[in-house]
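# Reading the structure
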Amino acid sequence: MLFDGAIRFLERARLGFAADDPLEFNQTINNNVLRAQEIISELNLSLNLAEGGEFAATLRRLYDYMDGRLHESNRYKKEDGILDVIRRLTILRDAWAEMLHKTNSGDASPTELTLSAVG
C-alpha cells in the first residue's frame, strides 16, 4: 500500500507540469513530491539492516537514490526524476506482490521467505 501511495502522489505531481498558473504548478509538484518522499523515508526507516543483510542494504541505497532524484526533480521542476522513481517503485511493488502471492500460496522458496522479513 505504501508503494501505491507514493506512486499515486508522484502521478499527481506529474499533473502539476500541465498547470498554467505558476502557483498551481509549483504547489502541485512540491506538495505531492514531498508526500512521496515521506513514504519513501518510512520505507527506508522500516528496513531491518541487522536481519536483512545485503538485500536490506541494497534497498536502503535504492531508497536514498529515489529520495535524491525526487529532491532534484522538485527543486528544478523537472519531470524525469519523478518518472524514474515511479518506474522503480512500480517494479518494487510488483516484485513484493508476486513474492507475497507465492508465500500465501505456499510456492515461496526459503530465499523469498527470508526477503519478506526485510520489508
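Numbering of residues begins from 1 in every chain and follows the order in which that chain's sequence is written. Given that this is a predicted model, residues contribute local features only at a pLDDT of at least 70 and side-chain atom pairs are listed and counted only at 80 or more, while totals for whole chains, interfaces and linings are drawn from all residues. The side-chain quantities take in all heavy atoms of the structure and omit both hydrogens and water.

## A few points about the side chain of Asn44
Our working rule: Helix and strand definitions here come from DSSP, where helices need a minimum of 4 consecutive H or I residues and strands a minimum of 2 consecutive E residues; each element is numbered from the N-terminal end. Only protein chains enter the calculation, and the probe is 1.4 Å; a residue is then buried if its accessible area is under 20% of its type maximum, exposed if over 50%, and partly exposed in between. Whenever two N or O atoms come within 3.5 Å, that pair is a polar contact, provided that in protein one can donate a hydrogen and the other can accept it, and provided that, for residues adjacent in sequence, both atoms are side-chain atoms. We call two residues in contact when some of their heavy atoms are within 4.5 Å.
Within the secondary structure, Asn44 is located in helix H2 (residues 22–45). Exposure remark for Asn44: the relative accessible area of 10% places this residue in the buried category. Polar contacts involving the side chain of Asn44 include one to the side chain of Asp64, which spans 2.8 Å. Ignoring any residue separated from it by four or fewer positions in sequence, one finds Asn44 in contact with Arg60, Tyr63 and Asp64.

## Quick notes on the packing of helix H3 (residues 49–76) against helix H4 (residues 80–105)
We apply this condition: For helices, the fitted axis covers only the stretch in contact; all axes are lines through C-alpha atoms, and the angles between them, taken along N-to-C directions, range from 0 to 180 degrees. An angle below 35 degrees is read as roughly parallel, one above 145 as roughly antiparallel, one from 65 to 115 as roughly perpendicular, and any other as oblique. Whether a crossing is left-handed or right-handed is set by the direction in which the near helix is turned from the far one by less than a right angle, anticlockwise for left-handed and clockwise for right-handed. Note on residue categories: nonpolar means Ala, Val, Leu, Ile, Met, Phe, Trp, Tyr, Cys or Pro, charged means Asp, Glu, Lys or Arg, and polar means any other residue, Gly included.
Where H3 meets H4, the axes come as close as 8 Å, and the angle between the chain directions of the two elements is 150°. Comparing their axes, H4 and H3 come out roughly antiparallel. Between H3 and H4 lies a crossing whose hand is left-handed. Between H3, through Phe55, Leu59, Leu62, Tyr63, Tyr65, Met66, Arg69, Leu70 and Ser73, and H4, the contact on the second element is made entirely by Asp80, Gly81, Ile82, Asp84, Val85, Arg88, Leu89, Leu92 and Trp96. Per-class residue counts for the contact of H3 with H4 are 12 nonpolar, 2 polar and 4 charged.

## Topic: helix H1 (residues 2–16)
To keep it simple, the criterion reads: To estimate how far a helix should extend, the number of its residues minus one is multiplied by 1.5 Å.
In this model H1 runs 22 Å from its N-terminal to its C-terminal C-alpha over 15 residues, within 8% of the 21 Å that 1.5 Å per residue would give. Along H1, the positions that sit buried rather than exposed are Phe3, Gly5, Ala6, Ile7, Phe9, Leu10, Ala13 and Gly16. The secondary structure elements touched by the buried residues of H1 are H2, H3 and H4.

## Observations concerning the pattern of salt bridges
Rule in force here: Salt bridge, as used here: a side-chain nitrogen of Lys or Arg that lies within 4 Å of a carboxyl oxygen of Asp or Glu.
For the coordinates displayed, the defined rule picks out 10 salt bridges. Residue Asp4 pairs with Arg93 through a salt bridge whose shortest N-O separation is 3.0 Å. Of the two residues, Asp4 is situated in helix H1 and Arg93 in helix H4; the sequence distance between them amounts to 89 residues. A salt bridge links Arg14 to Glu11; the shortest N-O distance between them is 3.1 Å. With Arg14 and Glu11 both in helix H1 and 3 residues apart, the pair spans about one turn of that helix. Assessed through its relative accessible area of 34%, Glu11 is described here as partly exposed.

## Observations concerning the side chain of Arg69
Mapping Arg69 onto the fold places it in helix H3. Judged by its relative accessible area of 16%, Arg69 is buried. At 3.2 Å, the side chain of Arg69 and the side chain of Asp84 are in polar contact. Those residues within four positions of Arg69 in sequence are excluded, and the remaining contacts are Asp80, Gly81, Asp84 and Val85.

## Quick look at the packing of H2 against H3
Geometry of a packed helix pair, given as the angle between the helix axes and the separation of the axes. Where H2 contacts H3, the axes come no closer than 10 Å and their chain directions differ by 170°. By the criterion of interaxial angle, the relationship of H2 to H3 is roughly antiparallel. The interaxial crossing formed by H2 with H3 has left-handed handedness. When H2 is examined against H3, the residues Ile29, Asn30, Val33, Leu34, Ala36, Gln37, Ile40, Leu43, Asn44 and Leu45 are found in contact with a partner set consisting of Arg60, Tyr63, Asp64, Met66, Asp67, Leu70, His71 and Asn74. Residues that form the contact of H2 with H3 fall into these classes: 10 nonpolar, 5 polar and 3 charged.

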